[in-house]
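Descriptive analysis of the structure
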Amino acid sequence: MTYPCLRTLAEYQDARAAYRLSAPSDFNFGTDVVDRWAESRPDERALWWVGPGGEERISTFREIATRSNRLANALSSLGLPKGDRVLVILGSVPEWWESMVGLT
């Protein structure tokens, strides 16, 4: 369903209420997106992080795939089964994003 031009707030609210995002039940962002892009465009920028002091860190798809896979493998080797819940307490840093990909 497309919404060519929403003219009023009521039209927007109706469109928003009717919108449904769908994905296959077996969709995994880490493997279906990050790993695939790491194969097809490994050195392309995937994440550009700017810290509170203006410092910058840029990560490629290959780097994020490597780091997130490292975390996933480490947790698996420690006996964490797929589907278990994990609490990640990190600030707004690239490692948080890598952890989220590795935990998918």
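See above for the structure.
The following paragraphs examine the structure supplied in this document. (Residues numbered from 1 in each chain as written. Predicted model: local features only at pLDDT ≥ 70, side-chain atom pairs only at ≥ 80, totals over all residues. Heavy atoms only, no water.)

What to know about the packing of helix α2 (residues 29–40) against helix α3 (residues 61–77)
Convention followed: Helix axes are fitted only over the stretch in contact, all axes being lines through C-alpha atoms; the angle between N-to-C directions runs from 0 to 180 degrees. Only DSSP runs of H or I covering at least 4 residues are called helices, and only runs of E covering at least 2 are called strands; the numbering of each starts at the N terminus. To sort the angles, those under 35 degrees are grouped as roughly parallel, those over 145 as roughly antiparallel, those from 65 to 115 as roughly perpendicular, and the leftovers as oblique. Take the far helix as the reference: if the near one is turned anticlockwise from it by less than a right angle, the crossing is left-handed, and if turned clockwise, right-handed. The criterion used for residue contact is that any of the two residues' heavy atoms lie within 4.5 Å. Under the scheme applied here, ten amino acids are nonpolar (Ala, Val, Leu, Ile, Met, Phe, Trp, Tyr, Cys and Pro), four are charged (Asp, Glu, Lys and Arg), and all others, including Gly, are polar.
Direction vectors running N to C along α2 and α3 enclose 130 degrees, while the axes themselves pass 8 Å from each other. It follows that α2 is oblique to α3 by the angle criterion. Between α2 and α3 lies a crossing whose hand is left-handed. The segment α2 lies against α3, with V34, D35, W37 and A38 engaging F61, R62, I64, A65 and N69. Here the residues of the contact of α2 with α3 are counted per class, giving six nonpolar, one polar and two charged.

Thoughts on the packing of α3 against helix α4 (residues 94–102)
Relative placement of two packed helices is described by the angle separating their axes and the distance separating the axes. Two numbers describe how α3 lies on α4: the axes approach to 8 Å, and their chain directions differ by 60 degrees. Put simply, α3 runs oblique to α4. The two elements α3 and α4 meet at a crossing, and its hand is right-handed. Facing α3, whose interface residues are I64, R67, S68, L71 and A72, α4 presents E98, S99, V101 and G102.

Keep in mind these values describe shape, not function.
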